[in-house]
Amino acid sequence: MGEIQKEELEKLLKTKGEVRGAVFQTDAKYILEKKGEEGLKKLEERVKSLGYPIDYREAKATGWYPFGLRIISLLLIKDTFGWSDSEIREMGKTAPKFSFIVKFLFKIFGSTRRLVKEIPRFWKEHYTIGEMETVKFEEKGKELIVHLINFDTYPLFCKYLEGYIERILLFNEKEVVTEETKCALKDNPYHEYISRWK
Amino acid sequence: MEIKNQKIQRDQKIISEDLSILESQIEGLWQFLPIPICFANSVFSIINASKALEDILGCKGVEAIGENLKNVLKDFERIKRELMQQRLIISKETTLLIKNKKEIIVELSAKTKEDEKREIMGYFFAFIDITEVKEKEKELQRKVQELEKLNKLATGRELKMVELKKEIEQLKNKLDKKSS
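Residues numbered from 1 in each chain as written. Chains lettered and ligands numbered in written order. Predicted model: local features only at pLDDT ≥ 70, side-chain atom pairs only at ≥ 80, totals over all residues. Heavy atoms only, no water.

### Digging into the overall build of chain B
So, point 1. Secondary structure summary: chain B contains four helices and five strands in total.
So, point 2. When its helices and strands are written in sequence order, chain B yields α-β-β-α-α-β-β-β-α.
So, point 3. Taking 180 residues into account, the globule formula puts the C-alpha radius of gyration at 16 Å, and chain B, at 33 Å, lies well above it.
So, point 4. For the C-alpha atoms alone, the extent of chain B along its principal axes is close to 135 × 35 × 30 Å.
So, point 5. Relative to all contacts within chain B whose residues are 6 or more apart in sequence, the contacts with residues 24 or more apart total 38%.
So, point 6. Just so you have it, chain B exposes about 13200 Å², and 57% of that area is on carbon and sulfur atoms. (Helix = DSSP H or I, 4+ residues; strand = E, 2+ residues; numbered from the N terminus. Rg over C-alpha atoms; globule rule 2.2 N^0.38 Å. Contact = heavy atoms within 4.5 Å. Areas by Shrake-Rupley, 256 points an atom, 1.4 Å probe, with all protein chains shown as cover.)

Following this line, the structure appears as structure tokens:
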């Protein structure tokens, strides 16, 4: 194993909460696209050798899985392929393109305004821990601020989420830039993501 | 109360499983369909695209998802206007802009997806590649023009021959008169 320690992963496994199986499907699709079948097999072998029950091929999109596995999956992907944090951010940015739930919600709530309204529900569709809320949405000012509260997990996930939010807005807006301006893991009461577009 | 909760949990599990099946069926359909089709949201960003469309556009994997149709359709504004007014377009000829600055002539059909208040929530698009048909049409046109030319030439020759025959006849008559 590279930089990750088994004890660290074991600790993560004890994190409370659950996540939809769709995230593992999304991870698998991204790896298939970037590294091909061989890459996915390499990751699966790594996960299996460490004894984590992540089934990239058979996970049910709408099924619930322990939240810790979500972070473990990201950490093992980063470690297996030697990716940087910014590559994990890129992975987060591509994820909504694969996500059935995202595509489904986009078919129902086409405009940014309608979509922003759905953010809290959207979060709950994926995670049973934390709450995401829209603090500010200015259509004319082209700015969105969201807070993620009660969600202290792992810094790598912050990067992933930064990319994820950016892509969601990119479906509707041009030249979106999203940045995490406050992190709950750095003595802030919540995570804050500010997105601006042209 | 506990029995009720158990029933709810059981129902949720069944719904969840059904949704998973539905998801894989829908995704499978997008992959399988041999027709280039897509669903775009209200601002014309592609949300779902069939494998056939990705192939036509020369996109790899999910590259087409998130792409705006404005960058793909040559006369996007005209199509958008028409779609907003009529909410349905059937077999309209247009040009698809694909990778490497290439163009493909297609027949476009599109339909709006509306909510119960008839507010537009997205659009379905289908494209039929007619580049080959167009090329054959051009070839046919060229051949028709060649035939017309040939026909003109043949007709002209025939008229000349009639004229020459008349002339021969006249000369023959003159010769006959002289010898008699």
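### Notes on the domain arrangement of chain A
Residues and elements named next belong to chain A.
So, point 1. If you check the domain split of chain A, you get domain 1 (6-95) and domain 2 (108-197).
So, point 2. The gap between the C-alpha centroids of domain 1 and domain 2 is 21 Å.
So, point 3. In this complex, domain 1 contributes 24 residues to the contact, which on the side of domain 2 involves 20 residues.
So, point 4. Carbon and sulfur atoms make up 66% of the area that domain 1 and domain 2 hide from each other, which totals about 2000 Å².
So, point 5. Scanning the region where domain 1 abuts domain 2 turns up four salt bridges.
So, point 6. The shortest N-O distance in the salt bridge between Lys-93 and Glu-166 comes to 3.3 Å.
So, point 7. Inspection of the domain 1/domain 2 interface yields eleven residue pairs in polar contact (both at pLDDT 80 or more).
So, point 8. Breaking the side of domain 1 that touches domain 2 down by element, the ones donating at least two residues are helix H1 (6-13), strand S1 (18-20), helix H2 (22-50), helix H3 (67-81) and helix H4 (85-98).
So, point 9. Per-element accounting of the side of domain 1 that touches domain 2 gives the leading share, seven residues, to H4.
So, point 10. Each residue belonging to the side of domain 1 that touches domain 2 can be placed in one class, and the counts come to eleven nonpolar, three polar and ten charged. (Domains from an automatic or database assignment. Buried area = accessible area lost by both parts, 1.4 Å probe. Salt bridge = Lys/Arg side-chain N within 4 Å of Asp/Glu carboxyl O. Polar contact = N/O pair within 3.5 Å; in protein donor to acceptor, adjacent residues only side chain to side chain. Nonpolar A, V, L, I, M, F, W, Y, C, P; charged D, E, K, R; others polar.)

### Some words on the interface of chain B and chain A
So, point 1. Chain B puts 26 residues into the contact, and the matching count from chain A is 22 residues.
So, point 2. Here chain B meets chain A over a buried area of about 2000 Å², counting both sides, of which 54% is carbon and sulfur.
So, point 3. Run the count over chain B and chain A and you get two salt bridges.
So, point 4. Where Arg-114 of chain A meets Glu-119 of chain B, a salt bridge forms, and the shortest distance between an N and an O atom there is 3.8 Å.
So, point 5. For the pair chain B and chain A, the number of links is six residue pairs in polar contact (both at pLDDT 80 or more).
So, point 6. Top element by residues in the side of chain B that touches chain A is helix H1 (residues 2-32) of chain B. It accounts for seven residues.
So, point 7. Class assignment for the residues of the side of chain B that touches chain A results in nine nonpolar, eight polar and nine charged.

### Section: H2 of chain A
All names here are of chain A.
So, point 1. If you check H2, its first and last C-alpha atoms are just 22 Å apart, much less than what 29 residues at 1.5 Å a residue would give, namely 42 Å.
So, point 2. Its axis deflected by about 125 degrees at Lys-35, H2 carries its strongest bend there.
So, point 3. Remark: Gly-51 follows H2 within two positions and exhibits a positive phi of approximately 80 degrees. (Expected span 1.5 Å × (residues − 1). Bend = angle between axes of the 7 residues up to and from the residue.)

### Notes on the UniProt feature "coiled-coil region" (unreviewed entry) in chain B
So, point 1. Those residues carrying the UniProt feature "coiled-coil region" (unreviewed entry) are residues 130-174 of chain B in this numbering.
So, point 2. Helix makes up 98% of residues 130-174 of chain B and strand 0%, with an end-to-end C-alpha separation of 66 Å. (UniProt positions renumbered as here; feature names shortened; annotations may be inferred.)

### So, the confidence of the model for chain B
So, point 1. Here chain B averages 89 in pLDDT, and 100% of its residues register 70 or above.
So, point 2. Both scores are available for the predicted complex, with the pTM at 0.78 and the ipTM at 0.72. (pLDDT = per-residue confidence, 0-100.)

### What to know about the pairing of strand S3 (residues 131-138) of chain A
All names here are of chain A.
So, point 1. Here S3 pairs with strand S4 (residues 143-149) via seven bridges, running antiparallel. Each bridged residue has a counterpart across the sheet, and for Thr-134 the counterpart in S4 is Val-146.
So, point 2. Once S3 ends, the chain turns through four residues before running back antiparallel as S4, passing Lys-142 with a positive phi of about 55 degrees. (Pairing = 2+ DSSP bridges.)

### A word on the UniProt feature "domain: PAC" (unreviewed entry) in chain B
So, point 1. Annotation from UniProt places "domain: PAC" (unreviewed entry) at residues 90-142 of chain B.
So, point 2. Each end of residues 90-142 of chain B is marked by a C-alpha atom, and these two atoms are 29 Å apart; helix forms 23% of the span and strand 57%.

### Comments concerning the nonpolar core
Generally speaking, nonpolar side chains in soluble globular proteins are found buried as a group.
So, point 1. The biggest cluster of nonpolar side chains holds 99 residues, and the ones touching the most others in it are Leu-69, Phe-125 and Phe-127 of chain B.
So, point 2. Excluding residues within four positions of it along the chain, Leu-69 of chain B makes contact with Cys-38, Ala-40, Phe-44, Ile-46, Phe-76, Phe-125 and Phe-127 of chain B. (Core = buried A, V, L, I, M, F, W, Y, C linked by side-chain atoms within 4.5 Å. Buried < 20%, exposed > 50% of the residue type's maximum accessible area, 1.4 Å probe, protein only.)

### Here's the deal with the side chain of Glu-54 of chain B
All names here are of chain B.
So, point 1. Mapped onto the elements, Glu-54 comes out in helix H2 (residues 51-57).
So, point 2. Nearest to the buried, unbridged Glu-54 among oppositely charged side chains is Lys-51, at 5.8 Å.
So, point 3. Excluding its chain neighbours within four sequence positions, the residues that come into contact with Glu-54 are Ala-49, Cys-59, Gly-61 and Ala-64. (Lys, Arg positive; Asp, Glu negative; His and termini not counted.)

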